[in-house]
Amino acid sequence: INLVILYYFNLKTIKKRIDISSEKKFVHKMKLFFSMLGVTSIIIFVYILFTYIFVNINITKSYKGMLYGINAFLFGISIMSLSFLLSKFIRTIGGASGITVVISLAMSFLSGAFVPREILPEITVKISKILPSFYYVDNVIKISNADEFNKKILENIFTNFGIIALFTLIFGIISYLLKNFELEKISKENKI
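Residues numbered from 1 in each chain as written. Predicted model: local features only at pLDDT ≥ 70, side-chain atom pairs only at ≥ 80, totals over all residues. Heavy atoms only, no water.

Asker: How should I be thinking about the environment of asparagine 145 in this particular structure?
Answerer: Looking at the element boundaries, asparagine 145 is found in helix α7 (residues 132-145). Residue asparagine 145 is classed as exposed on the basis of its relative accessible area, which comes to 56%. Along the backbone, asparagine 145 and lysine 24 are 121 residues apart, and their C-alpha atoms lie at a distance of 50 Å. (Helix = DSSP H or I, 4+ residues; strand = E, 2+ residues; numbered from the N terminus. Buried < 20%, exposed > 50% of the residue type's maximum accessible area, 1.4 Å probe, protein only.)

Set out below in structure tokens:
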């Protein structure tokens, strides 16, 4: 959803309207960022609501529920930052839909969301460690298997939280650098 929305904001006609608008570009970018954060939060809330209804985990009263919620929120934010990065490469609405399906399914299969990690080849598990979905699924497994949360289990869970947050930061930095590269390229083309 985020990638499709960003596709429309990257259209030349929309960019031209933003350029002639009295609103500063920074203000517009912040509005876009916070609206994407809102969309992502709504999707995560619906996911957590379904988890509460169908899995019977109370997100507000249970320690497991709170950890599930934090895990889902952090993963959702990392996927949002990935969509900002991917939006730099999308030129058509079909491309946005296609890349979303390919990347989400690939991340799910590699991380062990669809197929248990125990039966995946070792090389596949090693490759999946470069994806945020690996750490999300790892946390889901750790949280669901924990009878009680001792220091070691909590350290592992919070380490995975940190890694997911690091992916968010990396995707954001790469997206920012690509935007600056794109601006330099446009300014050089305008000089010629």
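Asker: Please explain the side chain of asparagine 71 as it appears in this structure.
Answerer: Structurally, the position occupied by asparagine 71 is in helix α4 (residues 63-86). Residue class for asparagine 71 comes out buried when judged on its relative accessible area of 0%. Apart from residues no more than four positions distant in its own chain, asparagine 71 is found in contact with Tyr136, Asn139, Val140, Phe161 and Ile164. (Contact = heavy atoms within 4.5 Å.)

Asker: Would you take a moment to explain the packing of aromatic side chains for this structure?
Answerer: Given two aromatic rings, one states the distance between the centres and the angle between the planes to describe the pair. Using the criterion set out here, one finds 10 aromatic pairs in the structure. Relative to tyrosine 135, the ring of phenylalanine 134 lies with its centre 5.0 Å away and its plane at 80°, an arrangement referred to as edge-to-face. For the pair formed by phenylalanine 134 and tyrosine 135, the shared burial category is buried. Relative to phenylalanine 161, the ring of phenylalanine 158 lies with its centre 5.2 Å away and its plane at 90°, an arrangement referred to as edge-to-face. Of this pair, phenylalanine 158 and phenylalanine 161 both sit in helix α8 (residues 151-191), 3 residues apart, which is roughly one turn of that helix. Its relative accessible area of 6% is what places phenylalanine 161 among the buried residues. One aromatic cluster is present, built from ring pairs that chain together Phe134, Tyr135, Phe167 and Phe171. One Lys or Arg, arginine 117, reaches over the ring of phenylalanine 134 and ends 3.9 Å from the middle of that ring. (Phe/Tyr/Trp six-rings, centres within 6.5 Å; stacked < 30°, edge-to-face > 60°. Lys NZ or Arg CZ within 6 Å of the ring centre and 35° of its normal.)

Asker: Explain the packing of helix α1 (residues 2-9) against helix α5 (residues 93-111) here, please?
Answerer: For the pair α1 and α5, the least separation of the axes is 9 Å and the interaxial angle reads 155°. Between α1 and α5, the angle is such that the two are roughly antiparallel. In this structure, the crossing between α1 and α5 has a hand that is right-handed. Across the interface between the two elements, Leu3, Val4, Tyr7 and Tyr8 of α1 pack against Ile93, Ala96, Ser97, Ile99 and Thr100 of α5. Looking at the contact of α1 with α5 residue by residue, the class counts come to 7 nonpolar, 2 polar and no charged. (Axes fitted to C-alpha atoms, helices over the stretch in contact; angles between N-to-C directions. Parallel < 35°, antiparallel > 145°, perpendicular 65-115°, else oblique. Left-handed = near helix turned anticlockwise from the far one by under 90°. Nonpolar A, V, L, I, M, F, W, Y, C, P; charged D, E, K, R; others polar.)

So far we have only geometry, and geometry alone does not tell us how the molecule works.
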